[in-house]
Amino acid sequence: MLPITLIVLVLSVTLVPLEVGTLALFLTGAVLLIVGMGFFQLGVEMSMTPLGQSVGGKLIQSGKLPLILAATFLMGAIITIAEPDLQVLANQVASIPNQVLIWTVAVGVGVFLAVAALRIRFHIPLAGLLGILYLALFLLSFLAPAEFTAVAFDSGGVTTGPMTVPFIMAVGVGLSAAKGGREGADDSFGLVALCSVGPILMVLLLGIFYNPTDAAYTPLEVTPVVTSYDVVVQFLQALPHYAKEVLLCLLPVVGVFLLFQLITRTYRQRQLLRMGVGFGYTIIGLILFLTGVNVGFAPVGNLFGAGLAGGPFKWALIPVGGVIGYSIVKAEPAVQVLNEQVESLTGGAVSRRMMNLSLSIGVAGAVALAMVRVLTGLNIYWVLIPGYLLALALSRLVPTVFVGIAFDSGGVASGPMTSTFLLPLAMGACTAAGGNVVTDAFGVVALVALAPLIAIQLMGLVYLYRSQAVPPSAQAPAEDTIIDLEEDAG
């Protein structure tokens, strides 16, 4: 979090001066974010990840395809409703009620988690399946209203956030563990990628059905504060609202956990206690995280965007966006969860450091390009279509495991920090620049989700090149390294 905080502090005394009260709101929000993410990631490791692995393992052991499909659909939908950054996006989308959008997206995730289970069961190649699905998405997008295209692709990015990613990836590990070896390791990735497709498809269909023509945007406002007491009051007033929201969203997840335990008796008393504490940490972390984001980060992001684009140095928005994009990846909880899973499953062949660096560079370029769109009104198709064509072409050249990792990374890189800071930043800048917020500002999440698809697969090409460039005496072990590690992990 330190790089993002320092960026805001530097800009607040140079290009975009802030009132002292507003800066105090931001810094208090930053503290809550740090503490909240710490609790959240600890809670996820203790509760959501083992639950997902157990559910996936039990389902594949049952061997009953109807049960597998029904359970994965239900779990995908329930986990998605609890996703915090989906709530943020729903508040920004005009013309469609929040609950309608949330349930539509939840159904999309549920359906495609079931599709992902089918892919693992019948070992369907991920690259070919993704190629067919994205071709269908782009064809469908031409039928949807132009105001809805960017929102639809944004929904695919925000849906796979800190709540859904650990569970979905754990389910993938559980479903594929029975296969073992290289085949099982390859199949354990790709669930997040497929679950990102579902929301895009469903939101495009929803846009066609509703045919929104009166889309509008309500700017975020920073509540005026004078004293430090006023700052504390703002956060204390918001805390009960987000506590209620988090509890209501997590209640179905806890219910599924209890039902699963009653039916399968998987966990012993000590494990139940540990997972119960983990759920408590998850709840506390999400409450603090959402409060810090919505009271401190999102409004300040909107102010920064408006201040940069409305001043004489509006083109500084592009490099500033790139720097923020580079830093913001490290603040995404779901990215850290994914990186740990990848490092563990590949036995260190793909390290957390390599993942973080590749994702940071890719997202930096994506955010800079998103700011170009904000300032120029460039149609999002000019970026998405070539970008996905390149990503799908690379998927034919790199090792299979890198395809799953790359497309999973696209979903998790665009998490709550993106939707609650970068999206308001783009919206504020677009408003100040006189652009169309719905078509020009929305889409920043989609571009952030696209960048890792290319960056990680390029990393896969580098790995492939290095393994082939080894001297003949050492070439066989080098080529077999990732296969052996995958077999061990499986």
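For clarity, every value in this text was computed on a predicted model and none was experimentally measured. (Residues numbered from 1 in each chain as written. Predicted model: local features only at pLDDT ≥ 70, side-chain atom pairs only at ≥ 80, totals over all residues. Heavy atoms only, no water.)

Q: Any details on the overall build of the chain? Residues and values, ideally.
A: Tallying secondary structure elements over the chain gives 21 helices and zero strands in all. Counting only residues that meet the buried cut, the chain has 59% of its 490 residues in that class. Restricting to contacts in the chain with at least 6 residues of sequence separation, those with at least 24 account for 86%. For the chain, the accessible area works out to roughly 18,900 Å², and carbon and sulfur atoms hold 67% of it. (Helix = DSSP H or I, 4+ residues; strand = E, 2+ residues; numbered from the N terminus. Buried < 20%, exposed > 50% of the residue type's maximum accessible area, 1.4 Å probe, protein only. Contact = heavy atoms within 4.5 Å. Areas by Shrake-Rupley, 256 points an atom, 1.4 Å probe, with all protein chains shown as cover.)

Q: Mind laying out the packing of helix α3 (residues 65-81) against helix α11 (residues 228-264), listing which residues take part and the relevant values?
A: Their axes nearest at 7 Å, the elements α3 and α11 cross at an angle of 145 degrees. From α3, M75, I78, I79 and I81 reach across to α11, where they touch C249, P252, V253 and V256. Residues that form the contact of α3 with α11 fall into these classes: eight nonpolar, no polar and no charged. (Axes fitted to C-alpha atoms, helices over the stretch in contact; angles between N-to-C directions. Nonpolar A, V, L, I, M, F, W, Y, C, P; charged D, E, K, R; others polar.)

Q: Report on the environment of P252, specifying residues and quantitative values.
A: Of note, P252 is situated in helix α11. Its relative accessible area of 34% is what places P252 among the partly exposed residues. C-alpha separation for the pair P252 and M75, spaced 177 residues apart in sequence, amounts to 9.5 Å.

Q: Describe in detail the confidence of the model for the chain, supporting the description with residues and values.
A: Of all residues in the chain, 87% have pLDDT values of 70 or greater, and the mean over the chain is 81. Least confident of the elements in the chain is helix α21 (residues 472-489), whose mean pLDDT is 42; most confident is helix α16 (residues 381-394), at 92. Confidence over residues 472-490 falls short of pLDDT 50; this stretch has 30 contacts with residues more than four positions distant or in other chains. (pLDDT = per-residue confidence, 0-100.)

Q: Tell me about the side chain of Q261, and please be specific about residues and values.
A: Here Q261 shows up in helix α11. Overall, the relative accessible area of 10% leaves Q261 in the buried class. Leave out the neighbours within four places in its chain, and Q261 touches T266, Y267 and L272.

Q: How would you summarise the side chain of S327 if you had to cite specific residues and measurements?
A: For S327, the location among the structural elements is in helix α13 (residues 317-328). Among the residues examined, S327 registers a relative accessible area of 9% and is labelled buried. The residues contacting S327, other than those within four sequence positions of it, are P3, I4 and I7.

Q: Tell me about helix α5 (residues 98-122), residues and numbers included.
A: The terminal C-alpha atoms of α5 lie 36 Å apart, and with 25 residues this matches the ideal 36 Å at 1.5 Å per residue to within 8%. In the stretch just after α5, H123 is the one whose phi turns positive, near 50 degrees. (Expected span 1.5 Å × (residues − 1).)

Q: Describe the nonpolar core, naming the residues involved and giving the relevant values.
A: Ranked by internal contacts, the top residues of the largest apolar core, which has 158 residues, are L51, F297, L384 and F407. The element best represented in this core is helix α12 (residues 269-309), accounting for 15 residues. Setting aside residues no more than four positions away along its own chain, F407 makes contact with L130, Y134, A193, A391, L392, L453 and Q457. (Core = buried A, V, L, I, M, F, W, Y, C linked by side-chain atoms within 4.5 Å.)

Q: Tell me about unusual backbone geometry, and please be specific about residues and values.
A: For H123, which is not glycine, the phi torsion reads 50 degrees and is therefore positive. Here H123 shows up in the loop between α5 and α6 (126-141). With phi around 50 degrees, R265 is a residue other than glycine that occupies positive phi space. Among the secondary structure elements, R265 is positioned in the loop between α11 and α12. Given a relative accessible area of 60%, R265 falls into the exposed group.

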